[in-house]
Amino acid sequence: MSKNKHLPEDREASANGTTHPESKKTQQAAEKATTYAASVTAPETVVVDKPPPKPNYPLYRVQPGERISLGDIDPNASENYRKKKEVMAELEKHRQRIRKLQERLYAENQRSLLIVLQAMDTGGKDGTIKHVFREINPQGCQVWSFKVPSDEEASHDFLWRYHHRVPQRGMITIFNRAHYEDVLVVRVHDLVKEDVWRQRYHIINEFEQMLTLSNITVLKFFLHISKDEQKRRLESRLENPDKQWKFSKNDIKERRLWDEYQQAFEDAISNCSTAYAPWYVVPANKKWYRNLVVARTIADTLEAINPQYPNGEKGLKNIVIPD
Ligand code: AMP
Ligand code: MG
């Protein structure tokens, strides 16, 4: 192979099939940080001594490399719970855990959490935000909703508008739709060519790893509803004057593309569930169960992050507040 004068030294080495010692060290450093991220994103190994076999704790987490089929995942599932009132106390418990752990995350001011919510239309992204984060201090939490890109956003690389909004240290940030739209709606509507959207899975994995290496834990939830349930929810939006603002005639057009969207979601989730930034496919036909699963997963992940209040300044013992 001829030497390429334009490549930096270690890239040149790997292009020649040998590994430069410096690039090996770089690789090891990345692996170490990624291993830490993978431990907090499998929180059952940290939060409980032995993950209980039933309910299968990380039931809905997609394993790296696993090929999922949404048709095989029951959107009506709810473990052994049958009614909303059976989960209310537990949901409240997880909300309080999130509140307390978020206070510590904010005080520690070192690490942060990025929560990605994706779903079909009416899948319950807004409802999840409203019900799961009700107790949180608004000062430590931000929600960003991503719509059709503006002219300025569209004139940049696809990640630009998302990267700009990732959490600062100490913060919890929720993406209501996210960079996955660029392999979902964009693919289904042929907004870019296949060779462009296809390479984005890899770009997204690298982006999320980069975030991980900056002490951002990334959790991704797909709220999985059935086509029948979407019909009921769209009808309810149409019938209820207080909900009509949520209805768009465009939702009907999108519904006709249901199968194409399911395929795009399967590919995105299968290609981009990594040990450091896993996808959870949450059965979401029952709103109360969806809220429980999302709240429980976030509370456990925060507990695994285990943020600490910083020590006070030295010598505080002798301080007397003047009159
Ligand atoms: P809603 O969340 O109901 O307000 O709708 C937002 C709309 O923006 C949805 O139809 C999305 O598919 C669309 N959208 C979000 N991100 C993108 C993107 N990157 N490219 C094109 N459309 C998008
Ligand atoms: Mg909508």
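Just above sits the structure.
Report on the accompanying structure. (Residues numbered from 1 in each chain as written. Chains lettered and ligands numbered in written order. Predicted model: local features only at pLDDT ≥ 70, side-chain atom pairs only at ≥ 80, totals over all residues. Heavy atoms only, no water.)

1. Looking at helix H5 (residues 125-132)
The set of residues buried in H5 consists of Lys125, Gly127, Thr128, Ile129 and Val132. At its buried positions, H5 is contacted by helix H4 (84-108), strand E1 (112-119), strand E2 (141-145), strand E3 (172-176), strand E4 (216-224) and helix H13 (287-305). (Buried < 20%, exposed > 50% of the residue type's maximum accessible area, 1.4 Å probe, protein only. Helix = DSSP H or I, 4+ residues; strand = E, 2+ residues; numbered from the N terminus. Contact = heavy atoms within 4.5 Å.)

2. Some words on the nonpolar core
Ile115, Tyr180, Phe221, Ile298 and Leu302 are the most contacted members of the largest nonpolar core, which has 74 residues in total. Of all the elements, H13 adds the most residues to this core, at 11 residues. (Core = buried A, V, L, I, M, F, W, Y, C linked by side-chain atoms within 4.5 Å.)

3. Structural notes on the site of ligand 1
Taken together, Phe146, Lys147, Val148, Pro149, Arg161, Tyr162, Arg177, Glu181, Asp182, Val185, Val186 and Leu191 make up all the residues around ligand 1. Within the side chain of glutamate 181, a nitrogen or oxygen atom sits 3.4 Å from an oxygen atom of ligand 1. Protein contacts shield 76% of the accessible area of ligand 1, which totals 500 Å² for the unbound molecule. Elements that contribute at least two residues to the shell around ligand 1 include exactly helix H7 (160-163) and helix H8 (185-188). Residues of the shell around ligand 1, tallied by class, amount to 7 nonpolar, no polar and 5 charged. (Near = heavy atom within 4 Å. Polar contact = N/O pair within 3.5 Å; in protein donor to acceptor, adjacent residues only side chain to side chain. Areas by Shrake-Rupley, 256 points an atom, 1.4 Å probe, with all protein chains shown as cover. Nonpolar A, V, L, I, M, F, W, Y, C, P; charged D, E, K, R; others polar.)

4. Here we look at the pattern of salt bridges
Side chains bearing opposite charge may pair, as long as their charged atoms lie close to each other. The full count for this structure, using the stated rule, is 22 salt bridges. Here arginine 134 ties to glutamate 135 by a salt bridge, and the two come within 4.0 Å at their closest N and O atoms. With its nearest N and O atoms 2.7 Å apart, the salt bridge here joins glutamate 194 to arginine 198. Residue glutamate 194 and its partner arginine 198 are both found in helix H9 (residues 194-213); the two are separated by 4 residues, about one turn of the helix. Exposure remark for glutamate 194: the relative accessible area of 43% places this residue in the partly exposed category. Beyond isolated ion pairs, a larger network of salt bridges with shared partners links Glu92, Arg95, Arg134 and Glu135. (Salt bridge = Lys/Arg side-chain N within 4 Å of Asp/Glu carboxyl O.)

5. Regarding the packing of H4 against H13
Across the interface, H4 lies against H13 with an axial gap of 8 Å and an inter-helix angle of 30°. Considering the angle they form, H4 stands roughly parallel to H13. In the packing of H4 onto H13, the handedness of the crossing is left-handed. Along its contact with H4, which presents Lys84, Val87, Glu90, Leu91, His94, Arg97, Ile98, Leu101 and Leu105, the element H13 presents Trp288, Asn291, Leu292, Ala295, Arg296, Ile298, Ala299, Asp300, Leu302, Glu303 and Ile305. Of the residues in the contact of H4 with H13, the class split is 12 nonpolar, 2 polar and 6 charged. (Axes fitted to C-alpha atoms, helices over the stretch in contact; angles between N-to-C directions. Parallel < 35°, antiparallel > 145°, perpendicular 65-115°, else oblique. Left-handed = near helix turned anticlockwise from the far one by under 90°.)

6. Considering the environment of valine 186
Structurally, valine 186 is set in helix H8. Judged by its relative accessible area of 9%, valine 186 is buried. Expressed as a C-alpha distance, the spacing of valine 186 and glutamine 118, which sit 68 residues apart in the sequence, is 14 Å. In contact with valine 186, other than residues within four places in its own chain, are Glu181, Leu191, Val192 and Arg200.

7. Structural notes on H13
Between its first and last C-alpha, H13 extends 27 Å over 19 residues, near the 27 Å set by a 1.5 Å rise per residue. Summarising burial for H13: 17 of the 19 residues are buried, a large majority. The first or second residue beyond H13 is asparagine 306, which carries a positive phi of 55°. (Expected span 1.5 Å × (residues − 1).)

8. Quick look at the sheet that holds E3
Strand pairs in the sheet, formed through backbone hydrogen bonds, run parallel or antiparallel to each other. With parallel pairing, the 5 strands of this open sheet are ordered in space as E2-E3-E1-E4-E5. Strands with a single pairing partner mark the edges of an open sheet, and in this sheet they are E2 and strand E5 (279-283). Across the sheet, the mean angle separating the axes of adjacent strands is 20° when strand polarity is ignored. Both E4 and E5 contribute to a ladder of 5 bridges, which runs parallel. Following the sheet pairing, histidine 224 is matched in E5 by proline 283. Contacts between H13 and the sheet are confined to E1, E3, E4 and E5, with E4 contributing the most and set at about 170° to the helix. (Pairing = 2+ DSSP bridges.)

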